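Descriptive structure summary
Residue-level listing of the chains:
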Amino acid sequence: MLTLWTRIRSMQRIHGDYIKTFLLGQHPSFVYRRLPYIPENEIPVYAFHNISAGTFENQIKYLAENNYRSIGADELYAVIRNGRSKQDKIVALTFDDGLKSLYDVAWPILKKYDFTGISFIAPGRILDKRNPAEDKTIADQFCSWDEIAQMHESGIFDFQSHTMHHHTVFSSSRCLGFANPM
């Protein structure tokens, strides 16, 4: 069993830059200060990967109950270029990789609360359709092109490219952990 100190050191080793920037107040102020509004030069951008229904619905429900609205990539670009009113409570909800939970969990919840999302998919990992006879590891983890088309046509999701295959790129001179191929 890991001791609390071992867990803290492990978190620091893996998430050290994130923790450091949070403690130094380098995150946007809406993250660490209770403000009556989001400053004009800041836009909350939430990044999701694999989504669990209960947690994700609570997060989206909170945004809806507090009068936030989500924006797509084009509107995000326009706001970055032209600014926005500080009374405009907007957020960008981004989803990486095109994981299966995008279709099974995020799409119905965003639809329920009238929110939109921006999904960055890795086209090299997307199958033509879910087929149990195909590679189980890919089929069980990623959306199919048919599912992506349905989400796009609904207007709920704006799809952008992440990378072609989402290969791991090592950037440290020391081993921080191991990545298992999918």
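Anything mentioned here points back to the structure above.
Because the structure is a prediction, the values reported are computed rather than measured.

Analysis parameters
- Residues numbered from 1 in each chain as written.
- Predicted model: local features only at pLDDT ≥ 70, side-chain atom pairs only at ≥ 80, totals over all residues.
- Heavy atoms only, no water.
- Helix = DSSP H or I, 4+ residues; strand = E, 2+ residues; numbered from the N terminus.
- Contact = heavy atoms within 4.5 Å.
- Expected span 1.5 Å × (residues − 1).
- Buried < 20%, exposed > 50% of the residue type's maximum accessible area, 1.4 Å probe, protein only.
- Arc of directions from axis to C-beta.
- Salt bridge = Lys/Arg side-chain N within 4 Å of Asp/Glu carboxyl O.
- Lys, Arg positive; Asp, Glu negative; His and termini not counted.
- Polar contact = N/O pair within 3.5 Å; in protein donor to acceptor, adjacent residues only side chain to side chain.
- 1 Å grid on protein atoms, 1.4 Å probe; cavity = no way out; pocket = protein on both sides within 12 Å on 5 of 7 lines; lining within 4 Å.
- Points joined across faces, edges and corners; volume = space filled by probe spheres on them.
- Nonpolar A, V, L, I, M, F, W, Y, C, P; charged D, E, K, R; others polar.
- Pairing = 2+ DSSP bridges.
- Right-handed = clockwise from strand over helix to strand, strands pointing away.

Let us now look at the overall build of the protein chain. Broken down by element type, the protein chain carries 7 helices and 5 strands. The N-to-C order of helical and strand elements in the protein chain reads α-α-β-α-β-α-β-α-β-α-α-β. Sequence-distant contacts in the protein chain: of pairs separated by 6 or more residues, those separated by 24 or more amount to 67%.

Let us look at helix 3 (residues 53-65). For helix 3, with 13 residues, the first-to-last C-alpha span of 18 Å sits near the 18 Å given by 1.5 Å per residue. Listing the buried residues of helix 3 in full gives Phe 56, Ile 60 and Leu 63. Buried residues of helix 3, seen end-on, are gathered within an arc of 55° and therefore sit on one face of the element. Facing away from the buried side of helix 3 by more than 90 degrees, the exposed set consists of Asn 58 and Glu 65. Elements in contact with the buried residues of helix 3: strand 1 (45-48), strand 3 (90-97) and helix 5 (100-112). Backbone geometry just after helix 3 places Asn 67 at a positive phi near 60°.

Under the counting rule described, the total for this entry stands at 3 salt bridges. With a closest N to O distance of 2.6 Å, Lys 112 and Glu 57 form a salt bridge. Taken together, the positions of Lys 112 in helix 5 and Glu 57 in helix 3 put the pair 55 residues apart, joining distant regions of the chain. With a relative accessible area of 56%, Lys 112 lands in the exposed category. Given a relative accessible area of 23%, Glu 57 falls into the partly exposed group. Glu 65 is paired through a salt bridge with Lys 61; the nearest N and O atoms lie 3.9 Å apart. Placement of both Glu 65 and Lys 61 in helix 3 is noted, with a separation of 4 residues, approximately one turn of the helix. What makes Glu 65 exposed here is its relative accessible area of 55%.

What follows is about the side chain of Asp 158. For Asp 158, the position within the fold is in strand 5 (residues 157-161). Within the buried core, Asp 158 has no salt-bridge partner, and the shortest N-O distance to an opposite charge, that of Arg 69, equals 13 Å. Reaching out from Asp 158, the side chain makes a polar contact with the backbone nitrogen of Ala 73 at a distance of 3.2 Å. Engagement of the side chain of Asp 158 in a polar contact is seen with the side chain of Gln 160, the distance being 3.1 Å. Those residues within four positions of Asp 158 in sequence are excluded, and the remaining contacts are Gly 72, Ala 73, Asp 74, Gly 117, Ile 118 and Ser 119.

What follows concerns empty space enclosed by the protein. According to the stated counting rule, one finds 1 cavity of 30 Å³ or more in the structure shown. If you add up the space inside the largest cavity, you get close to 40 Å³. Secondary structure elements with two or more residues in the lining of the largest cavity: strand 3 and helix 5. Its residues placed into classes, the lining of the largest cavity shows 4 nonpolar, 3 polar and 1 charged.

Here we come to the side chain of Ser 119. Summarising the element assignment, Ser 119 is placed in strand 4 (residues 117-121). Excluding anything up to four places from it in sequence, Ser 119 contacts Phe 95, Leu 102, Phe 157, Asp 158, Phe 159 and Gln 160.

We now examine the pairing of strand 4. Within strand 4, 4 of the 5 residues are buried, leaving the element largely enclosed by the surrounding structure. Bridging between strand 3 and strand 4 involves 4 bridges; their strand directions are parallel. Across the sheet, the residue bridging to Thr 94 is Ile 118, located in strand 4. Once the chain exits strand 3 it traverses helix 5 before rejoining the sheet at strand 4, and the crossover so formed is right-handed. As paired strands, strand 4 and strand 5 are joined by 5 bridges and run parallel to one another. Bridging across to strand 5, Gly 117 finds its partner in Phe 157.

Any functional reading would require information beyond the geometric quantities listed.
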